[in-house]
Amino acid sequence: MDKKDIKRENSIKVDYDNIDVADIMDQIKRKVERKQEKPSKEESLEEFPLVPPSNFQKDSGIEDAEGTGKKKRIKMILLKFMKPFAPFIKLLVLPVHEEIMETAQNLHKTNMRLDSLSYEFRRTMEHFKEYTKLLHSLYHNLVVELTKLKIEEESLRNKTRIIEKDFESLGRREKALEKLILK
Amino acid sequence: MKLAFVVQRYGLEISGGAELHCRWVTEHMNKSCEVEVLTTRALDYVTWKNYYLEGRDLVNGIPVRRFSVSKTRNPESFGRIQSYILEEEHREEDEFRWLKEEGPFSPSLIKYIKKHQDDYDYFIFFSYRYYHSYWGVDAVPHKSILVPTAEHDPIIYLKIFKKLFRRPQAFIYNSWEERKMINDLSQNEHIPGDVVGVGTEIPACYTGEIFCKKHNITGDYIIYIGRIDENKGCRQLFNYFLRFKRETDSEIKLVLVGSTILKIPSHPDILHLGFLPEDDKFNGLDGSLLLVMPSFYESLSMVTLEAWALGKPVLANGQCEVLKGQCLRSNGGLFYENYQEFKEALSTLISLPELRLAIGRNGQKYFTKNYAWQVIENKYLSIIKRLEERK
């Protein structure tokens, strides 16, 4: 096992006799959160350093081309020829180099920001989902309540109609009784 | 006991999805019941154009009855209707119009089911979202069993499906997540059902060495098997994998097996081998460190089960509830929901061979316990037995 492996094993604790994926994923998520918090603190404290990020690599295609037969020899000759001018060339190239490094650093940071933004976006979406579910159940309850009210309204209307009819018949009875008494 | 398996397409040429699921189940259920497949003449799932001959056929010893598709699907007009019903306020008639466009539009199949319902004890319908399932269940609700093979996509929220999910006599689900989604959607908990899924056919002999030699692969690799499509999360996988390669010094390769409808980035460590025969596929799985499953929408993921059958760990997209649930239940895979988690989970699995082995073993145990063919057959039979007892 090499150094990297030992480091990895230190960061994720695994019980090999009783593997628990949920626990491993919790550890991974915590590790990611810790990593995401770190750069945001650093960002506010320091300016962009003029060194390339550790993971910044040259284009592998260029590397391959440099490494092959004839081109290598031509390159050696050119390098010998250019040696006296090296400090001057370095001076000329320095601003460009610094600009490239700065751009690479900026890109790296933008990437990190995008990651944290997408994380935030997903969290917000989760909240929206919950909110929509709540609205849905609220809507459902409202429909139920409205239906109940509608039924109640119908029964009250029927009762009113019955009472009105009773009232009418009582009126008629009253008139009939009045007639009898007056006779 | 005579069972009719009703599915949108059926044939040896169809190598994945609900159709293969149906074929395997039918072939295994043939041992204990009399079975017949009712399907269409289509082979192409985009247009449903008639391909096979109409009438009776025999596929791997299973009697198949094929019915013509009366109207092929026009992808453009289908796309328009689908966007309309997903994005706009619409009526139920619009959803029926969508269902007809979705197809395979074969009224003769539905007519046959209605007319010959007494010839069969039960009709087992595969894939809720197609014409044959909706109108088939509608024709014989008292004899229907639905295998929804539902994914968590927006189509499932159509109003017509809420009604459909309350009609069959029983359900055969692919996963617990699918069951919960359908129950929540249609409050159909009272309808009997079970989480069953599907087994897989593993070749007697497989070895990764042959695969590496044949395809000239040196060093460690992770493998993706399936259609290379944006909907399957492949674009995200490519982005994550390329970023992973940039940010770490890992020499890991990504091997892709399957036909593609997506531009694959040109990178020396991304190897696309195209569509491979079954034995080659299993050799590839055997030689890999793990299977990566980046899909956002899965009803079950048969290839994940195949990886577990071989004792291989899985790295799945955690945004897919089914894959995440399967990984947690089986302890047979890790999952990711963003790039940082992908990087950490993949690095962990690459650097800890012992963990890969242990997780793979868990997956294998989970597969044997839940997806061995005997278990699947027994679950189908027990559902039918329950329905018979209720009669």
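Given the structure is predicted, the values throughout are model-derived calculations rather than measurements.

(A) Representation of the overall build of chain A in the model. Each helix and strand counted, chain A has 5 helices and 0 strands in total. Ordered by position from the N terminus, the helices and strands of chain A form the series α-α-α-α-α. Counting across all 183 residues of chain A, residues that qualify as buried make up 3%.

(B) Summary view of the overall build of chain B. Counting its regular elements, chain B contains 15 helices and 14 strands. The 391 residues of chain B split such that 47% are buried. Long-range contacts, defined here as pairs at least 24 residues apart, represent 66% of the contacts in chain B between residues at least 6 apart.

(C) Representation of the interface of chain A and chain B. With 24 residues of chain A at the interface, the matching set in chain B holds 23 residues. Of all the secondary structure elements, the ones that give two or more residues to the side of chain A that touches chain B are α1 (3-11), α2 (21-45) and α5 (86-182) of chain A. With 10 residues, the single largest contributor to the side of chain A that touches chain B is α2(A). Among the residues making up the side of chain A that touches chain B, the classes are represented as 11 nonpolar, 4 polar and 9 charged.

(D) Just the sheet that holds strand β1 (residues 2-6) of chain B, in detail. Residues and elements named next belong to chain B. The strand order across the open sheet formed by 8 strands is β3-β4-β2-β1-β5-β6-β7-β8, and the pairing between neighbours is mixed. Strands at the two margins of the open sheet, each flanked by one partner only, are β3 (55-59) and β8 (193-195). Each adjacent strand pair in this sheet contributes to an overall mean axis angle of 20°, direction not counted. Of the strand pairs in this sheet, β3 and strand β4 (residues 62-67) are connected by 5 bridges, and their pairing is antiparallel. Among the inter-strand pairings, D57 is bridged to a residue of β4, identified as V64. Relative to the sheet, helix α5 (residues 131-139) contacts β1, β5 (122-126) and β6 (144-147), its axis offset from that of β5 by approximately 155°.

(E) Broad picture of the packing of helix α11 (residues 302-309) of chain B against helix α14 (residues 353-371) of chain B. Residues and elements named next belong to chain B. One way to put it is that α11 packs onto α14 with a least axis distance of 7 Å and a crossing angle of 115°. Taken together, the axis directions place α11 and α14 in an arrangement best described as roughly perpendicular. For the pair α11 and α14, the sense of crossing is left-handed. Two secondary-structure elements touch here, α11 through L305, A307, W308 and A309 and α14 through G363, Q364, Y366, F367 and Y371. In the contact of α11 with α14, the residues fall into 7 nonpolar, 2 polar and no charged.

(F) Summary view of unusual backbone geometry. Residue and element names in this part refer to chain B. Note that the residue after G103, namely P104, is joined by a cis bond; omega there is -10°. Mapped onto the elements, P104 comes out in the loop between α3 (92-102) and α4 (107-115). The backbone of Q187 sits at a positive phi, close to 45°, despite the residue not being glycine. Summarising the element assignment, Q187 is placed in the loop between α7 (176-186) and β8. Residue classification places Q187 among the exposed positions, given that 11 C-beta atoms sit within 10 Å. In this structure, N216 is a non-glycine residue whose phi angle is positive, near 55°. Mapping N216 onto the fold places it in the loop between α8 (208-214) and β9 (221-225).

(G) Structural view of the sheet that holds strand β12 (residues 290-293) of chain B. Residue and element names in this part refer to chain B. On the basis of which strands lie adjacent, the open sheet formed by 6 strands has the order β11-β10-β9-β12-β13-β14 and parallel pairing. The open sheet terminates on both sides in strands that have one partner only, identified here as β11 (270-274) and β14 (333-336). For this sheet the average axis-to-axis angle between neighbouring strands, irrespective of direction, equals 25°. With 3 bridges connecting them, β12 and strand β13 (residues 314-317) associate as parallel partners.

(H) Structural view of the environment of I19(A). Its location among the elements puts I19(A) in the loop between α1 and α2. On the neighbour-count criterion, I19(A) (16 C-beta atoms within 10 Å) is partly exposed. When near neighbours in sequence (up to four residues on either side) are disregarded, I19(A) contacts N331(B), A358(B), I359(B) and N362(B).

(I) Quick peek at the environment of E178(B). All names here are of chain B. One can find E178 in helix α7. Distance in space between the C-alpha atoms of E178 and S299 is 6.9 Å, their sequence separation being 121 residues. The contact partners of E178, leaving out residues within four places of it in the chain, are P148, A150, Y173, S299 and V322.

(J) The pairing of β6(B), seen in detail. All names here are of chain B. On β6, burial covers both faces: S144 and L146 on one face and I145 and V147 on the other are all buried. Summarising the sheet, β5 and β6 pair through 4 bridges and their orientation is parallel. What sits directly across from F123, in β6, is S144. Read from β5 through α5 to β6, the crossover connection turns out right-handed. Sheet topology note: the β6/strand β7 (residues 170-173) ladder contains 2 bridges and is parallel. Considered in β7, the bridge of I145 is made with A170.

(K) Seen up close, the confidence of the model for chain A. All names here are of chain A. The pLDDT averaged across chain A works out to 79; a share of 78% of its residues lies at or above 70. Of the regions scoring below 50 in pLDDT, residues 1-10 engages in 8 contacts with residues more than four places distant in sequence or in other chains. Within the model, the stretch residues 41-67 combines pLDDT values under 50 with 24 contacts to residues more than four positions away or in other chains.

(L) Highlighting α7(B). Every buried residue of α7(B) is listed here: E177(B), E178(B), R179(B) and I182(B). Within two residues after α7(B), Q187(B) carries a phi angle of roughly 45°, on the positive side.

Rules used throughout
- Residues numbered from 1 in each chain as written.
- Chains lettered and ligands numbered in written order.
- Predicted model: local features only at pLDDT ≥ 70, side-chain atom pairs only at ≥ 80, totals over all residues.
- Helix = DSSP H or I, 4+ residues; strand = E, 2+ residues; numbered from the N terminus.
- Buried ≥ 20, exposed ≤ 12 C-beta atoms within 10 Å, placed from the backbone.
- Contact = placed C-beta atoms within 7 Å.
- Nonpolar A, V, L, I, M, F, W, Y, C, P; charged D, E, K, R; others polar.
- Pairing = 2+ DSSP bridges.
- Axes fitted to C-alpha atoms, helices over the stretch in contact; angles between N-to-C directions.
- Parallel < 35°, antiparallel > 145°, perpendicular 65-115°, else oblique.
- Left-handed = near helix turned anticlockwise from the far one by under 90°.
- Right-handed = clockwise from strand over helix to strand, strands pointing away.
- pLDDT = per-residue confidence, 0-100.

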